[in-house]
Structures are given as structure tokens and as C-alpha cells.
Amino acid sequence: MGIHDIIPEYEVLRDPQRCTVCRLCERECANGVHSFNPKTGKMQSDNTKCVDCRRCVVFCPAHALKIVRNEESYRTNAQWDRQTVNEIFKQAETGGMLLSSMGNPKPYPIYWDKMLLNASQVTNPSIDPLREPMETRTFLGKKPHELRRDEKGRLRTDNLPPQLDLDVPILFSAMSYGAISYNAHKSLARAATALGTYYNTGEGGLHEDFYKYGPHTIVQVASGRFGVYKRYLEAGAAIEIKIGQGAKPGIGGHLPGSKIVGDISRTRMIPEGCDAISPAPHHDIYSIEDLRQLVYSLKEATDYKKPIIVKIAAVHNVAAIASGIARSGADIIAVDGFRGGTGAAPTRIRDNVGIPIELAIAAVDDRLRQEKIRDRVSLIAGGSIRNSADVVKAIALGADAVYIGTAALIALGCHLCRACQTGRCNWGIATQRPDLVKRLDPDVGTKSLINLVSAWKHEIMEMMGGMGINSIEALRGNRLMLRGIGLNDRELKVLGIKHAGE
Amino acid sequence: MRDRSNGLGGGFAAYGIYPKQKDLYALHVFYGSRRAKDECERIIHASFDISVAERIPTRRVPGITDAPAVWRYFGLPFPKLLEAADIDEREFVVRFVMKVNTEVQGAYVFSSGKNMGVFKAVGFPEEVGRFYRLEDYEGYCWTAHGRYPTNTPGWWGGAHPFALLNYSVVHNGEISSYDANRRFIEMHGYRCTLLTDTEVIAYIIDYLNRRRGLSLKETADVVAAPFWKEIAAMPKEKRGYYTYLRNVFSSLLITGPFSILVGFAGGMMALNDRLKLRSMVVGEKGDTVYVASEECAVRTVEPDLDRLWSPRGGEPVIITLDKGVKV
């Protein structure tokens, strides 16, 4: 160790009474934390390599391991805390940008937890979902301006623009094959099919094996255009143009050449070992009218049969941007909040750029209504949806549906160690190492995702029933069902809700 | 039915009551002050060619106090204004009503149809009927309502029926979809000023039936749509029809308990919420039809019915005058 002595964040505690030196921990840890010391005949650990993913703890047959936050510290200082000092040390050593993964972990306000839901009492009966129908089906897409009738005066139903038909207003958000593993993708694709919803390829193309899940797949077109060709566009139920992502608004992506091997290279349609660099902007979009051209190019390419989603990160001017997108021909707008996850992002960007989805979705919904164009697009909110109550609140604020990414990964076994960028995911999710990938059993993964979304659906139905609402569309934008708690006037105004007690 | 209301609002809508002025709009207006009347009349006279302006005849009734001035005006919009705005007569009247009700403090237009009128007040319905001397009117269709307000204080404008153009709505229930419906309908130029769900129902009916050109049956199929489970079991064409309506007008689905009577020129529609969380019965005697929340109300008016039935939730009962009947 030199002058930049980085204190490890975590400490591996091993109970020597229990440890049988079976060396399983050594095999389970791709980070090389555990090793056998032949001199002592005992296991030892290197705390500096530990990311607290808990793989070894879970798999230790003797329950001998525990990982705790390292109590060792620099001299206590509220301004210069341990992480701050560690990061300076790292940058002084390397001269590089700090990289991290998953969502912004900083203690910014979580507005979901500052909104409370309503329930019926006396004047309006609550509805019991066990006894009465409770509907969560929703459609995403443009609604027609004109109604037409046939020669007999019957309403014609053939003028509906393409729609996505969701049994539950929850979709799996974009995560590319490359950022996550084959088995993770397989789990998402099969779960989306079983649940009557959609998963999203992200920017990694669509693996040949997964074309059969096309009716439940959203195919993404991002700035790198990896894996995009006619058959790909035609395979999906919808096409998403990714402009931005909540975890890293304003910047592109970078999958290192070391991960561009085998199927990944084939699926992305780039040579093996070649870095996959997604530029920050789309090089054919330098203004809103360029977006419109791309929207219509994709519609032309797919015969106007697929809804086009435009995904943007929630940034300061999100309402005005969304209004421009709504007029660009897009059918659906996805807004991704600043807590959205990622496989890799510069830490400073992840932690400091963008705004919370709660405020963004409220502002966008308001703006589209003020401009009388809310009917022209559907809205998907993403980036920090943690549970069914967040879903209900997002829809009551004005979203048609939500994207979940981090929650889905947690269901697959992610322990939020936030080290995806290393490619050594011990749970087989954010890795391409075959020995690690096979740790994620796609049957178990599929089942876990189905369980999670089904459980949320039951909870959503229960909450809706409590409010006396038996159909999700009557919840959408129904902001009187929300009250703020501990919010100031300005926050309440942006959210468009009253304070509790009002 | 006194037991089912609490004296904080009662009212009636009557159709066919102004045969002499049947082609003119009858505007009924509450005024809380002299200033409100002056200001509102300035707008009325600038917008309409008024042939009659008068106080609506009333009598003193012990239960009815704090009455505002209640006026009515018969007239037609100036054609040159319609031309200048490039809108039809009815749209002009809707915009006029929205303008007065949101912009003129103390004035409230509560009836704006032709050959029909709403009479309402804070009080029990029978007192309201005496107050407005309703025995002096004759009509082919009447609706009545006794209020037990839950969400908003009892005030004259808040009593039912709630009316716009020839549509009038009386509503028994409380809808849980209110804010979703309100925020959608306000996107289309309506202003919900009362915070009552009845107001939003009236605007939805105007929007779907008049502005979008849906029939009343189709309108009922939007606001009280069948459940997806029922739709799935329908034959293909019907399934396509209901799926289309639920998709295109998803924000106008009304949830929560309601039984409503919608009056319109030439008839009346009765509709229950799709779960039938509120009761509603229909009775027939000869060529007269009675609809009420409770059977006892119908029996009180006509004890000897030919037929009495309970419509299913979401199934509209549309009653129209026989062909050839002049009103």
C-alpha cells in the first residue's frame, strides 16, 4: 500500500469454529475474496475485493460467514466522509472516471414515500377483489381522433393505431443482452409472455433463441443501433427509441470488447473483441424534427403495425421535451427517473444528473393535458418503482403503466452490490462468464419474476378495491386518490396533489 | 322519500314546459348579488338575442331560506358571433355557460336547454317544488332528486339535476373515478367548478353524445362498460366493439356506485354502474314509465303498475316519446 490507503467498505467475518475449510466460498466468489492458506491450513479473505454481494454467505454450508460494514474509519469528518476520501484516493491513483452500476444510492427525497393513498368509507363502498371483478388490463398507444361508421351506421373499429395490450400495467424495462446474461434475458422473456406483458431488449439486439417471444418483446433502437435490422424490428411488439436513460442522462454507453464474444458479438452484429460504443446522442437526431423522421422511418419499415416508444431520461425540462415527442408521431413516451439502474455509468453522472420520476411524470402528464394531447400518447414511468404501492401512485399521478428493472433483477437474485460494471456478477445476472451465467437457472428466474409481478398485481387490486375503483383506467391520473405528507407547497404543486388533511 | 335526503338540496328537470318558446334557449340563472346580475346580463345581452327576461315565479316556503335571485332568459345566440367563432349554436352555448360559471363571481347558469328547465334549491324536494310553483308547468318528462351531500357543502348550484344544453343528470351515488374523469374532460374545454361527480357525468355525456357523436347506448357502453371477462365471452363483432370503446375512451369509464337519470330532448336514459352498487328499478303503466332508486318511490306515484323490473348493472334503459308525438 502506498500513500492512498483505501479502507475497504466491507469486512468478511469468518467463524473459525464453524468453517470446515470446504473452500466452497473460494469457488463461489468471482472477485477472489476467499483463498486457502496452505501454511495455516485455514481460509483467509481479502476485504478490499469484497463488494458485499453475499454469494458466499448464502452458499456457506457451515453458516460460518458474515459480511459487515467495515467499522474502521478515517478520522470522523462530516464533510470528508470515508467514501469521499476513498474516491479521491482512487482517482489520484488512476486518473480515471469513477464507474458504478445500478441506481443512484444517495439519500435524495423519495417522493413515493411522501404520498399516501385513499380508501373508501361509508359514502362509497370499497370493492372486494375476491368477490368482484377487478381489472388491471390496459392498452398503450395513440387513440384515434375521428370516429368512423360503416354504411349501416355501426362504429368502425379498424381505425385504431397499433397498441400494446397489457394484462397488468407493469413492463420489464430495457436491459441489454451483454449487460445482463442469456439466462437473465430468457427469464424475462418467458415471464413477460406468461404474465401478458412485455420485456425490452435494451440496446443489445435480440438473440436468435428469443425471436419466439417476439409478441411480448419490445425491441430497442438506441444510438449505437446494435443488432438493428429489418427482421429484428419486425420481431417485436413495439419499437423503443432510446434517447436517454435515468441512470446516465446525456451520455451513451460502453460495453468493453472483452464482453463482445460469441453470441453477444453475433447478436449485436459487431466483430468479436470490438468495443460497443453507443454515442451520447443519436447521430441522426440533432433536434426534434430529426426524431420525427426516425419515428416515421421505423413506422415505414414495419408497415405502421408497431407502436413506437420514445424513452427519455427525466431531466429538468422533461415536460416540454415530452410535449415535443408527443407531436413527433411517437405512440408511447417512457420517462426514466434519476434512480433508474444501469450496468455501468460514471458515478458522478449517476448520482447527480436528472430528477425524480415522481415529479417528472406529474409534470409531463400535466403538460400533455394542458396542451390537449394526452390522448395522443401513453406514458410509461420508470426508474425507482420498488413495489406495488409505487405502481399505484405512479398511475394515480398520470402514468399508464410502469417499467421495472431493478426490482426484476432483485427477483432474479441480484443483491444490489452495484458492481455490474466488473462483469463478475456472482449471481449470474450481470455477467457473460459461462461459469457464472449458469448459476442463474432460467426456470427459477422465470418463476420468481412471475411470482413477483403476480404478487404486485394482487396488491394493486386490493388497493384499488379499497378506493372503490374496479378498473385501472379509473385510477390513471386520479390524483385525488393521493395526499402528500411532509411536502412543501411547491412540491405539492408540481405533483398536483393536496396535502393530507386537506 | 324524505328519509333518503337531508334537506341540503332538491331539484327537478322538466321537459316540454316552454312550448311557446320551444325554439329558444331557456337560460336559468342564480344571482348572489346585484353586481353579479349586472355583469352576467352584460354577457348575456352581448351573446344572445333575448326575447324574454324575467324572474322565475316563486313563492315563500318555510323550509327554503337565503334564496338567491332566480332569473330566466329566452333567446338565441347572435348568428354573426357563431360565424365569427366558426362554431355551432350548441357549442356556443356551452362556452357561454362555462364562461359565466367560472368567471362571473356570484352568477351561476344552471339550465341552458330548449323547451326544458331545471328548478333546484337547498331544501327538501317537495319544498323546492312548492317554491318554484311547479304545479303551473306541464311537461312530458320529469326527473327529481333529493340530496344527501357527501363531498361538497349544500348550496343552490350544487343541487341536482345538473344540466347543460338539453341534457340533465340526476345522480345517486359517489363515483370513485371522479378525478380521472375530470382531468380528461377538462382537457376538452369543460371546467368542473362544483367538485361534484354529477357535474362531470353531465359533461361526459355532452362530450360523447354531442361532440363525439356517439349514441346514448354507445355512451352508456363507455361509462358503464362491461367487464373484460364478459367481453371475452362475446361473439367477435361485439367483442371488437366493446374492446374498441374501452380502449379509445378508457378515461371516461365511471367506477363506483351510481344510478343516474339522463334527461334529453324527447326522452330519458336510466343507467346503473356496472356492478349495480346502487339500486334502480323501472316501472311501467300504460305509456308512462317510472324510474327510481327504490321501488317504494315508484309505488307512491303509481301503486298499480303493469310491470316492474330491475335493469342489470351497466345496461341502459332508454325511454323515448312515441313516434309522431309533438311536444
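Residues numbered from 1 in each chain as written. Chains lettered and ligands numbered in written order. Predicted model: local features only at pLDDT ≥ 70, side-chain atom pairs only at ≥ 80, totals over all residues.

1. Some details on the overall build of chain B
Looking only at helices and strands, chain B features 10 helices and 15 strands. Over its C-alpha trace chain B gives a radius of gyration of 19 Å, about what one expects of a compact globule, namely 20 Å for 327 residues. Judged by the C-alpha coordinates and their principal axes, chain B covers about 60 × 50 × 45 Å. Once local pairs closer than 6 in sequence are excluded, the contacts in chain B between residues at least 24 apart make up 71%. (Helix = DSSP H or I, 4+ residues; strand = E, 2+ residues; numbered from the N terminus. Rg over C-alpha atoms; globule rule 2.2 N^0.38 Å. Contact = placed C-beta atoms within 7 Å.)

2. Some remarks on the domain arrangement of chain A
Reports of interface size often rely on the accessible area that becomes lost once the parts have come together. All names here are of chain A. In terms of domain boundaries, chain A breaks down into domain 1 (10-96) and domain 2 (128-144 + 167-475). Between domain 1 and domain 2, the C-alpha centre-to-centre distance is 34 Å. With nine residues of domain 1 at the contact, the number on the domain 2 side is seven residues. Counted by class, the side of domain 1 that touches domain 2 contains four nonpolar, one polar and four charged residues. (Domains from an automatic or database assignment. Nonpolar A, V, L, I, M, F, W, Y, C, P; charged D, E, K, R; others polar.)

3. Things to note about the sheet that holds strand β8 (residues 162-164) of chain B
All names here are of chain B. Strand order in the open sheet made by the five strands is β8-β9-β10-β11-β15, with antiparallel pairing throughout. Looking at the sheet topology across the chains shown, the edges are occupied by β8 and β15 (317-320). Put simply, the sheet's adjacent strands are angled 15° from each other on average, direction ignored. For β8 and strand β9 (residues 167-173), the ladder comprises three bridges, and the chain directions are antiparallel. The partner of Phe162 across the bridge, within β9, is Val169. The strands touched by helix α6 (residues 197-211) within the sheet are β8, β9 and β10 (258-264), with β9 carrying the most contacts at an inclination of about 135°. (Pairing = 2+ DSSP bridges. Axes fitted to C-alpha atoms, helices over the stretch in contact; angles between N-to-C directions.)

4. Focus on helix α1 (residues 34-47) of chain B
All names here are of chain B. Counted at 1.5 Å a residue, the expected span for α1 with its 14 residues is 20 Å, and the 20 Å between its end C-alpha atoms agrees. Those residues of α1 lying buried are Ala36, Lys37, Cys40, Ile44 and Ser47. Within α1, the buried residues cover an arc of 100° as seen down the axis, which keeps them to one side. With respect to the buried face of α1, the exposed residues turned more than 90 degrees away are Arg34, Asp38, Arg42 and Ala46. Elements that come into contact with the buried residues of α1 comprise β2 (25-31), β3 (48-55), β4 (69-77), α2 (79-85), α3 (89-103) and β5 (107-111). (Expected span 1.5 Å × (residues − 1). Buried ≥ 20, exposed ≤ 12 C-beta atoms within 10 Å, placed from the backbone. Arc of directions from axis to C-beta.)

5. Describing the nonpolar core
Residue and element names in this part refer to chain A. Ranked by internal contacts, the top residues of the largest apolar core, which has 236 residues, are Ile333, Val335, Ile361 and Val402. Inspection of this core shows a minimum of three residues originating in each of domain 1 (10-96) and domain 2 (128-144 + 167-475). Not counting the four nearest positions on each side in its chain, Ile361 is found in contact with Val335, Leu379, Ala381, Ala394, Leu397, Gly398 and Ala399. (Core = buried A, V, L, I, M, F, W, Y, C linked by C-beta atoms within 7 Å.)

6. Regarding the confidence of the model for chain B
All names here are of chain B. In this model, chain B carries an average pLDDT of 94, and 98% of its residues clear a pLDDT of 70 or more. Looking at the elements of chain B, mean pLDDT is at its lowest for β9, recorded as 92, and at its highest for β2, recorded as 98. Both scores are available for the predicted complex, with the pTM at 0.95 and the ipTM at 0.93. (pLDDT = per-residue confidence, 0-100.)

7. Brief notes about the sheet that holds β4(B)
All names here are of chain B. Here four strands make up an open sheet; going across it, the order is β3-β4-β2-β5 and the pairing antiparallel. The sheet terminates laterally at β3 and β5, the two strands that pair on one side only. Each adjacent strand pair in this sheet contributes to an overall mean axis angle of 30°, direction not counted. Examined bridge by bridge, β2 and β5 share four bridges and lie antiparallel to one another. Note that in β5 the partner of Tyr31 across the bridge is Ala107. In this fold α1 packs onto β2, β3, β4 and β5, with an angle of close to 165° to the strand it touches most, β2. The sheet strands contacting α3 are β2, β4 and β5, and the helix crosses β5 at an angle near 145°.

8. Re helix α10 (residues 357-370) of chain A
Residues and elements named next belong to chain A. Under the 1.5 Å per step criterion, the end-to-end length of α10 is 20 Å for 14 residues, consistent within 8% with the ideal 20 Å. Most of α10 is tucked away, with 11 of its 14 residues classed as buried. Within α10 the residues assigned to the buried category are Ile357, Glu358, Leu359, Ala360, Ile361, Ala362, Ala363, Val364, Asp365, Asp366 and Leu368. Residues of α10 that are buried make contact with α8 (318-326), β16 (332-336), β18 (378-382), α11 (388-397) and α15 (489-495). Lys372 occupies a position one or two residues after α10 and carries a positive phi of about 60°.

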